[in-house]
Amino acid sequence: MYPHHRLNNSGLVVLLQQWTQAGLGAGAAGRSDVAEQLAPWLSTVDAVTLSRSLHAIESFPDDLVQGVEASQELDLHALEESFLRGKAELTAAISAKPVPAKPARERADNTRADAPDPAAEAEFGFHAPRYLSLQKQMDTKLLALRAQIRHGVSQGSRALRQLAALDSVLEQLISVREQRLWASLPAHLDRRMAQLRRDHQLRIESLGLDDEPHRWRQPGGWLHAFERDLQALLLAEMHVRLQPIMGLLEAARNENMERQE
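Residues numbered from 1 in each chain as written. Predicted model: local features only at pLDDT ≥ 70, side-chain atom pairs only at ≥ 80, totals over all residues. Heavy atoms only, no water.

Caption draft 1: Spatial organisation of the packing of helix α7 (residues 124-153) against helix α9 (residues 222-260). Put simply, α7 and α9 touch, their axes get as near as 10 Å, and they point 10° apart. Relative to α9, α7 is oriented roughly parallel. Its residues assigned to classes, the contact of α7 with α9 shows 20 nonpolar, three polar and seven charged. (Axes fitted to C-alpha atoms, helices over the stretch in contact; angles between N-to-C directions. Helix = DSSP H or I, 4+ residues; strand = E, 2+ residues; numbered from the N terminus. Parallel < 35°, antiparallel > 145°, perpendicular 65-115°, else oblique. Nonpolar A, V, L, I, M, F, W, Y, C, P; charged D, E, K, R; others polar.)

Caption draft 2: Examining the pattern of salt bridges more closely. What the rule picks out here adds up to 14 salt bridges. Between R192 and D229 there is a salt bridge whose closest N-O contact spans 2.8 Å. Within this pair, whereas R192 is found in helix α8 (residues 158-207), its partner D229 is found in helix α9, the two being separated by 37 residues in sequence. Each member of the pair R192 and D229 is classed as buried. E227 is paired through a salt bridge with R217; the nearest N and O atoms lie 3.8 Å apart. Of this pair, E227 sits in helix α9 while R217 is found in the loop between α8 and α9, placing the two residues 10 residues apart along the sequence. Here E227 falls in the buried class, since its relative accessible area comes to 6%. Look at R217 and you get partly exposed, because its relative accessible area is 28%. Bridged by salt links that share partners, the residues E121, R130, R217 and E227 form one connected network. (Salt bridge = Lys/Arg side-chain N within 4 Å of Asp/Glu carboxyl O. Buried < 20%, exposed > 50% of the residue type's maximum accessible area, 1.4 Å probe, protein only.)

This is the structure:
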């Protein structure tokens, strides 16, 4: 139930559900359950592995190690600082203004060769490498951050050591399915881009206006809206990936508060 619960309660599913309904048109709600499509489940073999791991985790030793309470060794402040720093770095990378596309040579309309090329940016192939690069950066940083936080939490009490061990097991069991999920997101973004361009074309045709590509990236333009959607999807993905790390920190924080009471 762990991955299914995380997805059903995430902004990622809400965002994709909105895009799906917008693409299908009015009255299409309920015809495509994004949460059901995306939610991965543990296989029978994985469930057996998890069951055996839980039995091993239950046998962890008591808190007292050589007469010193292990929970005193946990540096919660340092863990929280690492979390905030990693999240801020990824948010900044995702929110950075993209480099506009430029043609290889001067175009037939006498536009300078170094001027932005809206036609090139109107294709998803231009944006896909950037999206995939940010996904890879997110994957590398958050895997390392999760391991760091888990190691820090494992320096705490028996309950926290058990939680850290369980998180490690779940990460291994779910990682393949989650990677498939993340790999499916660019396809949603591709469809979203096509929808935004189609809506833009229908609007200018209905108003009898001439298309002005140089306005596409300006506020109110369809490429400007697409860029915001691209960032929103990456931020929503980041939030889902951060939830296990946030759960580890919250457990450590709660135990720390209980000890101080």
